[in-house]
Amino acid sequence: MSLFLLVFFILYGAMHAYLLVKVRAIFGLTLPLLIPFAVFMLLMIAGPVITRVLERAGMEGPAFLAAWVTYLWMGFLFLFLSASLVIEIVRFFLYLAGLAAGWDKSLTTGIEKTGFWLALLAALLVAGYGFLEAGHVRIEHLVIRTDKIPKEKGELRIVQISDLHLGLTTCETWLDKMFAEVKRLNPHILVCTGDLLDGRAESLRRSASMFREIAPPYGKFAITGNHEYYGGLPNFSRFADDAGFRVLRGEGISIEGAINVAGVDDIAAIPYHLYKGVEEKSLLSGLEKGRFNLLLKHRPIVDPTAVGLFDLQLSGHTHKGQIFPFNYVVKRFFPYLTGWFDLGKDSRLYVSRGTGSWGPPIRFLSPPEITLIVLEPVARAGQMTGQASRHPAQSP
């Protein structure tokens, strides 16, 4: 956690320093104007910590305000810098062309100012669109035909939610819509693949009671993500218990003789000495034979020794980058960025884009999702196919 925070604040501070230097260079800010601008940016850099301190102190009103200001600014700043980078590249080539053509150098300064305002306008427009996109959850429909589900059980419907990050920036309207969608999909099993919370359980009682109203016949299962440890495992455990989730931490169970469900801890538990480091191969090998093995694992990292022992691994964590073009950065660390992957040996991986948002309540070119996985029993051994496709939000 300390290394994560160190890297985050170095990068986030560098983004603010770039903006400060750029604004001063373009507009020639004098000291009386530069000081309040610099103070504002220092507050924004420290905003995530200030928000967490206020929340833990029980000051929900100030924490709510701090969270919205801090995280909306964070999303806007990232979009502004992304747009600025594109404009700087264009301006560089124009500068080279100007040198070759003998243009007046003063034109470059004018282009720089125009580029700043264009980047500002683009960031505001995209942030507004991204805020709306974050509130519109898509339903992704995955159908798997398998001979490992007893035919007498009929089709089995699994709903996956992931990375809700319930906390101060969670809108109640969005929450109501999300719960309505989950209920409408009528799951036999509900699973959450980590990062359920980004707040204190004390302030999330309504969310817990709404989860309690969802009672799939085969149960609700959750695993830990990295934020479960950042926010405190006891906090998450209380919420999960109140919400009616069974948390799988390095364990697996057989449900109604129809399916095996196993879950593993996120590796963020290691620095806290809370990691239940059960080998996936051993865990999966000990499950009831001949059944469909569902593996819940927060990060889309595949253990090669476990391939062939699970039929489907469900993961999240990446958010598909959440805000374009950050997806290109995330993909460097997690090649299985989003969607459906055939791993061979009858093992598959599905990576959710996430149901909620971390930090900025903004998603751009990465809409949030709830995933419906339908397991259809077939008679022939070895026949198993999967296809992920988007379906309109209608009653299944």
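The structure reproduced in this document is the subject of the present report. Being a predicted model, the structure only gives us computed values, none of them experimental. (Residues numbered from 1 in each chain as written. Predicted model: local features only at pLDDT ≥ 70, side-chain atom pairs only at ≥ 80, totals over all residues. Heavy atoms only, no water.)

1. Looking at the overall build of the protein chain
This is how it is decided: Where helices and strands are cited, they refer to DSSP runs of H or I of at least four residues and of E of at least two residues respectively, numbered from the N terminus. When we talk radius of gyration, it's over C-alpha atoms, and the globule rule is simply 2.2 Å times the number of residues to the 0.38. Exposed residues in this analysis have more than 50% of their type's maximum accessible area, buried residues have under 20%, and partly exposed residues fall in between, with area computed by a 1.4 Å probe over protein chains only. In this description, contact between two residues means that some pair of their heavy atoms is separated by no more than 4.5 Å.
Helices and strands together make up the secondary structure of the protein chain, namely 11 helices and 13 strands. Here the protein chain has a C-alpha radius of gyration of 24 Å; the compact-globule value for 396 residues is 21 Å, and the two agree. Taken along its principal axes, the extent of the C-alpha atoms in the protein chain is 80 × 50 × 40 Å. For the protein chain, with 396 residues in total, the buried portion stands at 50%. Taking contacts inside the protein chain between residues at least 6 apart in sequence as the whole, the part at least 24 apart equals 77%.

2. Looking at the side chain of glutamine 313
Worth spelling out the cut-off: Think of a polar contact as two N or O atoms within 3.5 Å of one another; within protein, one of them needs to be a possible hydrogen donor and the other a possible acceptor, and neighboring residues in sequence only count if both atoms come from side chains.
Here glutamine 313 is to be found in strand β9 (residues 312-315). Of note is the side chain of glutamine 313, whose polar atom sits 3.0 Å from the side chain of serine 315. Setting aside its immediate chain neighbours within four residues, glutamine 313 contacts Leu295, Lys297, Arg299, Pro300, Ile301, Val302, Arg348, Leu349 and Tyr350.

3. Considering the nonpolar core
For clarity, the threshold we go by: We call a set of buried residues a nonpolar core when its members are Ala, Val, Leu, Ile, Met, Phe, Trp, Tyr or Cys and they connect through side-chain atoms within 4.5 Å of each other.
Counting 34 residues, the largest nonpolar core has Leu166, Leu196, Phe211, Phe239, Phe245 and Ile370 as its most contacted members. Here this core gets 6 residues from one element, more than from any other, and that element is helix α6 (residues 172-185). What isoleucine 370 contacts, discounting residues up to four positions off in sequence, is Val137, Arg138, Ile139, Glu140, Val159, Gln160, Ile161, Met178, Glu181, Val182, Leu185 and Thr355. Counting 30 residues, the second largest nonpolar core, distinct from the first, contains Leu19, Leu54, Ala83 and Leu168.

4. Quick notes on the packing of aromatic side chains
Which entries qualify depends on this criterion: Two rings belonging to Phe, Tyr or Trp (six-membered ring only in the last case) form a pair when the distance between their centres is within 6.5 Å. Interplanar angles under 30 degrees mark stacking, angles over 60 mark edge-to-face geometry, and anything in between is tilted.
Counting across every chain of the model gives 21 aromatic pairs. A centroid spacing of 5.6 Å and a plane angle of 45° characterise the contact between tryptophan 73 and phenylalanine 76, whose relative ring orientation is tilted. Of the two residues, tryptophan 73 and phenylalanine 76 both sit in helix α4 (residues 60-101), 3 residues apart, roughly one turn of that helix. The buried category is assigned to tryptophan 73, whose relative accessible area is 14%. Ring centres of phenylalanine 324 and phenylalanine 364 lie 6.3 Å apart, and the angle between their planes is 70°; on these two criteria the pair is classed as edge-to-face. Residue phenylalanine 324 is found in the loop between β9 and α11 (326-333), and its partner phenylalanine 364 is found in the loop between β11 (347-351) and β12 (369-377); the two are separated by 40 residues along the sequence. Here phenylalanine 324 falls in the partly exposed class, since its relative accessible area comes to 31%.

5. Concerning the pattern of salt bridges
Going by this rule: We count a salt bridge whenever a side-chain nitrogen from Lys or Arg sits within 4 Å of a carboxyl oxygen from Asp or Glu.
Evaluated as defined, the whole model comprises 18 salt bridges. One salt bridge in this structure joins aspartate 346 and arginine 348, with 3.6 Å as the shortest N-O distance. On the basis of relative accessibility, which here comes to 8%, the residue arginine 348 falls in the buried class. Salt-bridge contacts for arginine 353 lead to glutamate 369; the nearest nitrogen and oxygen are separated by 3.5 Å. With a gap of 16 residues between them, arginine 353 in the loop between β11 and β12 and glutamate 369 in strand β12 connect regions that are remote in the sequence. Residue arginine 353 shares its accessibility class with glutamate 369, and that shared class is buried. Through salt bridges with shared partners, a single network forms among Lys22, Glu88 and Arg91.

6. Details of the layout of surface pockets
Here is the rule: Any residue with an atom within 4 Å of a point lines the site, the site being either a cavity, points on a 1 Å grid over the protein atoms alone where a 1.4 Å probe fits but cannot get out, or a pocket, an open set with protein on both sides within 12 Å along at least 5 of 7 lines. Grid points are joined across faces, edges and corners, and a volume is the space filled by probe spheres set on the points.
Empty space within the largest pocket amounts to approximately 1,400 Å³. Forming the boundary of the largest pocket are 35 residues, of which Phe4, Phe8, Phe326, Val330 and Trp358 lie nearest the centre. Broken down by secondary-structure element, the contributors of at least two residues to the lining of the largest pocket are α1 (2-27), α4, α8 (226-230) and α11. In terms of residue count, the dominant contributor to the lining of the largest pocket is α1 (7 residues). Considering only enclosed or pocket space, the second largest pocket measures out at about 460 Å³ in volume. As for the second largest pocket, its lining consists of 23 residues, and the residues nearest its centre are Pro48, Arg52, Tyr71, Asp198 and Trp358. Residue assignment for the lining of the second largest pocket shows that the elements contributing at least two residues are α1, α3 (47-56), α4 and α8.

7. Quick word on unusual backbone geometry
The omega torsion of the bond from phenylalanine 324 to proline 325 falls at 10°, within 30 degrees of zero and hence cis. Structurally, the position occupied by proline 325 is in the loop between β9 and α11. You will see that aspartate 195, though not glycine, has its phi angle at about 55°, which is positive. If you trace the backbone, aspartate 195 turns up in the loop between β3 (189-192) and α7 (205-212). Residue aspartate 195 is classed as buried on the basis of its relative accessible area of 2%.

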